[in-house]
Amino acid sequence: MLENLFPVLSRDGNSRTLAQLDAMAESRALPHGLLIEGDSPAECVELAEIMAKVYMCGCDSVLSGECESCMISDSGEAHPDIVTVLGEGKQNAITVERIRNMRVEAQMSPTKGRSRVFILVDCDTMNMSAQNAFLKLLEEPPENVVFIMLCRQRMNLLETIRSRAVAVRIEGGSSEETIPDSLYELADTFACAICSPNDWDAVELSAYFIRDKKDNAAAQKELLQFTGLIRGIIRDAMIISAGAQDILPKISQGAKKLSVVSSDKLEAMLAELDTIDRSVEFHITLPLTVTAMVSRLKRIKNKK
Ligand SMILES: [Zn+2]
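Residues numbered from 1 in each chain as written. Predicted model: local features only at pLDDT ≥ 70, side-chain atom pairs only at ≥ 80, totals over all residues.

## Examining helix α13 (residues 286-302)
The end-to-end C-alpha distance of α13 is 24 Å, a good match for the 24 Å that 17 residues give at a rise of 1.5 Å each. Every buried residue of α13 is accounted for by Leu286, Thr289, Val290, Met293, Val294 and Leu297. The buried residues of α13 occupy an angular sector of 130° when projected down its axis, which confines them to one face. Within α13, the exposed residues directed more than 90 degrees away from the buried face are Leu288, Arg299 and Asn302. Of the surrounding secondary structure, the elements contacted by the buried residues of α13 are α8 (181-195), α9 (199-206), α10 (216-241) and α12 (263-281). (Helix = DSSP H or I, 4+ residues; strand = E, 2+ residues; numbered from the N terminus. Expected span 1.5 Å × (residues − 1). Buried ≥ 20, exposed ≤ 12 C-beta atoms within 10 Å, placed from the backbone. Arc of directions from axis to C-beta. Contact = placed C-beta atoms within 7 Å.)

## Regarding the nonpolar core
Ile36, Met51, Ile119, Leu120, Ile148 and Leu150 are the most contacted members of the largest nonpolar core, which totals 42 residues. If one sorts the elements of this core by residue count, helix α3 (residues 41-56) sits on top with 8 residues. Every residue in contact with Ile119, bar those within four places of it in the chain, is listed here: Ala48, Ala52, Ile82, Thr84, Val85, Ile148 and Leu150. Among the nonpolar cores identified, the runner-up in size contains 27 residues, and Ala193, Leu229, Ile234 and Leu258 belong to it. (Core = buried A, V, L, I, M, F, W, Y, C linked by C-beta atoms within 7 Å.)

## Thoughts on the environment of Lys301
Structurally, the position occupied by Lys301 is in helix α13. Residues Lys301 and Ala191, 110 residues apart in the sequence, show an inter-C-alpha distance of 11 Å. With residues up to four places along the chain from it excluded, the contact list for Lys301 reads Ile194, Cys195, Val261 and Lys265.

## Digging into the pairing of strand β4 (residues 145-151)
Most of β4 sits out of view: 6 of its 7 residues are buried. When strand β3 (residues 116-120) meets β4, the two strands line up parallel, connected through 5 bridges. Within β4, the residue paired with Arg116 across the bridge is Val145. In this region the chain leaves β3, passes through helix α6 (residues 128-139) and returns to the parallel neighbour β4; the handedness of that crossover is right-handed. (Pairing = 2+ DSSP bridges. Right-handed = clockwise from strand over helix to strand, strands pointing away.)

## Here's the deal with the packing of α8 against α10
Packing of α8 against α10 leaves a shortest axis separation of 9 Å and a crossing angle of 55°. Classed by the angle they form, the pair α8 and α10 counts as oblique. Crossing of α8 against α10: the hand is right-handed. Contacts between α8 and α10 involve Leu183, Tyr184, Leu186, Ala187, Asp188, Phe190 and Ala191 on the former and, on the latter, Glu222, Gln225, Phe226, Leu229, Ile230 and Ile233. Classifying every residue of the contact of α8 with α10 gives 10 nonpolar, 1 polar and 2 charged. (Axes fitted to C-alpha atoms, helices over the stretch in contact; angles between N-to-C directions. Parallel < 35°, antiparallel > 145°, perpendicular 65-115°, else oblique. Left-handed = near helix turned anticlockwise from the far one by under 90°. Nonpolar A, V, L, I, M, F, W, Y, C, P; charged D, E, K, R; others polar.)

Printed below as a string of structure tokens:
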């Protein structure tokens, strides 16, 4: 059903997502937390809006236009019960204040329909205090409220948020904000260096993020992209050690090297990278953060 409404889902690699979302659309039911991950923010928003409309729809045949909710949407007006929450400020992130306001809004009864939907755009850029505030809301969601969370990298979200949501991924979207190839290469070499017996390899590579004060903001942003890439490499390593490497489009050297590390240690590394992201967000100085990253990842790797 959804492939007509949103043809992106007929693209390669999306059949599972399509089946999952079709089942939700068929029953016009959504989980309290639906997480949509994809490289194109615009596609994520479009899909979230479709799912919200389907969920609100009271027509006999879904979205055929005769119910009140469809009529509002078709008129081009904003549906009062579908709220899009956007980021603010330099980081373009949803703030903790916005989450607190949303908490109040979520307690109010719906204006038109039977429920309210909140669409959180780029929710993986929320800092830790915003994520924690949101987590509280997700843990005890008000009745008849659904949160659709959109992100590029769901691993940037707290595990406790992820575990309370049903996650789907749109494959093959292109991002307006591309990560430079050089950063991919750096992440791959760094992952190899973590496995190297020589401690200095990783230290040397991490010096890339230590720059002049005026270049600090760019370095912070790149470090967050970098930790995201390292997470991806670690997840690939887990896939390889589970013997499922056939599903990977390509296998990096770093993932190959890390795949012999125990899964406990790889999990510990993922948690460590979350801590590193938090330090970046709290503006702990980059030399300290980067040094901590190298020494802790190395320590985890070398633990007996
Ligand atoms: Zn309808």
